Amino acid sequence: MSDGKMVKMPMPRMDSVTVAVRVRPFSQREKNSGSKCVISMHSRTTTTIQDPKNPEHRKTFTFDLAYWSHDGFQKDKDGVFISTDPSSKFASQKDVFHDLGRGILDSAWQGYNATLLAYGQTGSGKSYSMVGLGANKGIIPNVCEELFQAIEERERNQEYQVTFSMLEIYNEQIRDLLSRTKQPGGLKVREDQHLGFYVDGLKSVPCGNYAQIERLMEQGTKIRTTASTNMNASSSRSHMVITIQFRQVFLDRDLTKQSTINLVDLAGSERQKSSGSEGDRLREGSQVNLSLTNLGNVISALADAATGKKVLHIPYRDSVLTKLLQPALGGNSRTTLIAAISPADICYEETLSTLRYAERAKKIRNRAVVNTSTLMRESKAENDRALLVRGNSGMAGKLSQEQCRSRPAAGRPGVGWREGPAAGQPGARRGGLLSLPQEQWIMKTLPHLLNVNEDPQLTGVLKYFIQAGSCDAGRAASNAIRLQGLGISDKHASFTNSDGKVTVTPHSKCKVVVNGVPIVTKTKLQHLDRIILGSNSAYLYIGFPSERGSEDLTRFDYDFFQLERAAAEGVSVDKLGAASHGDGKADPGMLAVFQDYVRLMPLVAEANQMGEELKKGLRMELKVKNLAASDSRGHELQKEVMVKVTNQRTREVWIWSKAKFINRKFLMEELYQRFLDGEDSHVAQEDDPFWDPVEVVHLGSAHIWLQSLAYSMKLEDQVEFMNCEGEEEAVVHVCVTPCSPAGRACGEEDVVIDPSELLGKRMDFQVGLVRCLGVKWLKEDTERGIQMGYRIYDLSSTLYTKPVWKMVNPQIEETVQFTALNASQEFLNYLQTDALIVDLWGLQEGCTQLDCSQSDLMVTSEGHVMVDTKKMSTLMDPGQVQISELYMKLLKLEQETELLRDTNRALREENVFLKQSLEKVGSTQQGERLPHKPSNTLKEMNQMYTRPASSDREFAKALKLFYHSMNQARGQLLRLRQEKPPEEDEMLRPFVQQQAQKLKDFGDVLESSLRRLKNDVAVIVKKKRASLPQAE
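Attention in this report is confined to the structure presented alongside it. Keep in mind that what you see is a predicted model, and the values were worked out from it rather than measured. (Residues numbered from 1 in each chain as written. Predicted model: local features only at pLDDT ≥ 70, side-chain atom pairs only at ≥ 80, totals over all residues. Heavy atoms only, no water.)

1. What to know about the packing of helix α2 (residues 93-110) against helix α4 (residues 139-152)
Running from N to C, α2 and α4 point in directions that differ by 50°, and their axes come no closer than 10 Å. In terms of axis orientation, α2 runs oblique to α4. With respect to the hand of their crossing, α2 and α4 are arranged in right-handed fashion. Here Val 96, Phe 97, Leu 100, Gly 101, Arg 102, Leu 105 and Trp 109 of α2 lie close against α4, whose contacting residues are Ile 139, Asn 142, Val 143, Glu 146, Leu 147, Ala 150 and Ile 151. A per-class count over the contact of α2 with α4 returns ten nonpolar, two polar and two charged. (Axes fitted to C-alpha atoms, helices over the stretch in contact; angles between N-to-C directions. Helix = DSSP H or I, 4+ residues; strand = E, 2+ residues; numbered from the N terminus. Parallel < 35°, antiparallel > 145°, perpendicular 65-115°, else oblique. Left-handed = near helix turned anticlockwise from the far one by under 90°. Contact = heavy atoms within 4.5 Å. Nonpolar A, V, L, I, M, F, W, Y, C, P; charged D, E, K, R; others polar.)

2. Quick word on the packing of aromatic side chains
For the structure shown, the criterion picks out 16 aromatic pairs. Ring centres of Tyr 790 and Phe 818 lie 6.3 Å apart, and the angle between their planes is 65°; on these two criteria the pair is classed as edge-to-face. Separated by 28 residues along the polypeptide, Tyr 790 in strand β40 (residues 785-790) and Phe 818 in strand β43 (residues 811-820) bring together distant segments of the chain. Note on accessibility: Tyr 790 and Phe 818 belong to one class, buried. A network of ring pairs unites the aromatic residues Phe 765, Tyr 790, Tyr 793, Phe 818, Phe 827 and Tyr 830 as a single cluster. The ring of Trp 656 has Arg 664 sitting right over it, with the charged end atom 5.1 Å from the ring centre. (Phe/Tyr/Trp six-rings, centres within 6.5 Å; stacked < 30°, edge-to-face > 60°. Buried < 20%, exposed > 50% of the residue type's maximum accessible area, 1.4 Å probe, protein only. Lys NZ or Arg CZ within 6 Å of the ring centre and 35° of its normal.)

3. Let's talk about the pattern of salt bridges
For the structure shown, the criterion picks out 25 salt bridges. Across the salt bridge formed by Arg 190 and Asp 200, the nearest N and O atoms sit 3.4 Å from each other. Highlighted residues: Arg 190 in strand β14 (residues 188-192) and Asp 200 in strand β15 (residues 196-200), separated in sequence by ten residues. Take Arg 190: its relative accessible area is 39%, and that puts it in the partly exposed class. Residue classification places Asp 200 among the partly exposed positions, given a relative accessible area of 32%. The salt bridge partner of Asp 764 is Arg 762, with a shortest N-O separation of 2.6 Å. On the basis of relative accessibility, which here comes to 6%, the residue Asp 764 falls in the buried class. (Salt bridge = Lys/Arg side-chain N within 4 Å of Asp/Glu carboxyl O.)

4. Points about the side chain of Gln 787
Summarising the element assignment, Gln 787 is placed in strand β40. Taking relative accessible area as the criterion, Gln 787 reaches 1% and is therefore assigned buried. From its side chain, Gln 787 meets the backbone oxygen of Thr 801 in a polar contact 2.8 Å long. Aside from chain neighbours lying at most four places away, what touches Gln 787 is Tyr 800, Thr 801, Lys 802, Pro 803, Asp 839, Leu 840, Trp 841, Leu 843, Gln 849 and Leu 850. (Polar contact = N/O pair within 3.5 Å; in protein donor to acceptor, adjacent residues only side chain to side chain.)

5. Some words on the side chain of Asp 51
For Asp 51, the location among the structural elements is in strand β4 (residues 46-51). Put simply, Asp 51 is tucked away with no salt bridge, and the nearest opposite charge, on Lys 53, sits 6.7 Å away. Side-chain polar atoms of Asp 51 contact the backbone nitrogen of Lys 53, separated by 3.0 Å. Residue contacts for Asp 51: discarding those within four places in its chain leaves His 57 and Tyr 348. (Lys, Arg positive; Asp, Glu negative; His and termini not counted.)

Structural data, given as structure tokens:
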């Protein structure tokens, strides 16, 4: 080989991305929610997921590897999780490393670039597989350790050069985790003709052994934790990238092999869901969301290309992440994706999304080549000198970029994230940090605070020692304990270590919470007390050595802090109204809502704090949608957490879904970070995450039971609107009246005993909303307005009343007549079992009012709204919005014909009855031979004919009274169900006594109603028997 020449480049090897799936055990949160496992793995390659709502529906995926880590394990004496027995299919950290980690090392030794991506929702176990926890080391530390072990065993006529870099991508900005200096705006991604995309200015530190890498990872994790606290950004929202440049120099052959090992822990995958911000006008605004969305677009495009579809463009340049991942996806790299999933039914949608994502990634084809080059003689001499200086240790410092550069395959870069051509190489120092022995000694002697992070990898990384005397804690540089974080003041609190005890004292109005309870005065701390400073900076207090035992600190995790805080604020499953299934266990759906509520509590506190510092004047509070609501049959509706946002100056109100709030919070964090960086944080109103156009607000629902209509009886009542918390929001005066086609109200003579008498006949009825009383929404701000809306049976759209403004007790006076031309059995069943749900909506100045037109509804020729039109709809064009005149005439003719048939049938029956009566009277007269006047005979016949109708009217009247009393009883029962016990113990006894009295009253109403009905029926029967002819 001649000097300066490259070796002959091998042909690219086409490799598919290797995909592995790993399912973790239940988290404590999932256990508390009563979760069920929906994942099964029947082989080392198949993963099956079951739909919890439809257990018969299962979907099976096939991947290269499937790891079952859900159960079948125990902890050995060193704290390492191992299989309980040889038959267990449990996959340990060692098993995962054996398959994936050793595969990466094998590729690196051969000269291939290797990439490992960890993908999955937050909390699915990505970081555990990649980094590990405690004694259970993950893939990254094991790869690094085994790399150096293998180097030590190699021949001495070869040189090995290892450099280490560590970065984080958050909000499209790159942070060097080995540098304590933060670059404003982050490091920049540049593009070089030979190198491809690289990070300009990124530190790449030469390492001679695993211990050096371990210290660098510890330093990087500490910087990442501090940055996470400062920026108020959870690590689950950022991508962490570790890059190991591994170079082998074969001195006897003038040859080098260069491999880049990229180990990537991606952000939580739920951030890239389009549904994560559904209904939000700013859904595309968050850079955090966009990063993984763009990665998904790249993977989809590459998967399509691999299956032969025509793809014009691979969108690598759409985000920082995809630029840096270009070699790993479709380029010069052997790539492995490990998809981490939760086994819980409450995570079904996220898990299914992850599995589909992994299935697409499996189709990607890479072009991996061995990265080799000749070693120029001058470079060889430099290496010899460097080797002598280092004491012939077998390790050399990093060569110049020109020497390290590999020949790109087919004009593409051979390596990924490396430094640019002019970047310097600092050493691996730990300036300003305590050495590990020093830190461990101080921890054993002094009380201190340990940080508690949502990410277990970052918990316990920061330690604040409380030395004898008094020390201040806060943002200011002069404080002995310098803290950063949302809601932390310059002088936030003072810690005093005196006479063998430690106290904490908040400054001014600064927020300090101890064991879930806010404090305002000096408070003594006990060992393992939980402290929250500001909005959500959590710390575990470790007391004096004499106070300590062999406690398991891992139980005091982030969830423990939040659950304790929720309990102290009175939030519990019982408080939220979870229903029991009779077996003593709470409803799993309600438990899941409770977990959501607790998880969002700190996020809402942070959003409020950011709004306060940015002077937005907003107040956000958590609510539970449908907490006390039910459907038309009285069944409970699915509950979900929402956020109520109130502008304290204008009193404008918005209701945000959980997904919308989370999306907005990302955007708030970006705006707040600009504020902290001293940049202009002013944005146009339409781009402000704290602002939305005013909108109508759902205030509550009222249930109007329609049973009386099935008997052609009128209902007039005052019904409560119940809000989302089960409290009365207003009262509506409503009338539901059966009537004639002309609108005349039906009388008692029209009441039917059996609803089946109405089958197939025309039914007309009116729904009248008369007045709304005591509307809280209007009491809070008299400039507001209301509208009401309802949808009956099969109406295609909701009917809304006209807006009414600035009246606390507004007159509505709106009546709509409905017509069922041919009442079906389904419609009659609906009337007997369902309620008409009327929704109350709050209007704000400037909001778009609800459309109260009826243009898209089917109407009769009289203009009445038609219901029970399922049979008619099959005869009509789907695009038709109104029945044609011809069709209306046909319907009217058919109706008149049916009426004539009914009349004719009734006349025939009457004729037979009269004939039989005359024959009977005639035979009686002949037998008795008594002269009777014809007029008297006709009078008796008329009385006989009218007796049945009179009895029916009396019976219908009795039924009407019974149903009216039943409606009152139903209202009492609903109010009883919605009442909640008081929080104060001393109020519990009066509450129980009050409830007992109400139950007694309810029973009395039921008993008296039944007694009255029984007596009325007995009287009617007695009269009917007495009126029968004596001859009978």
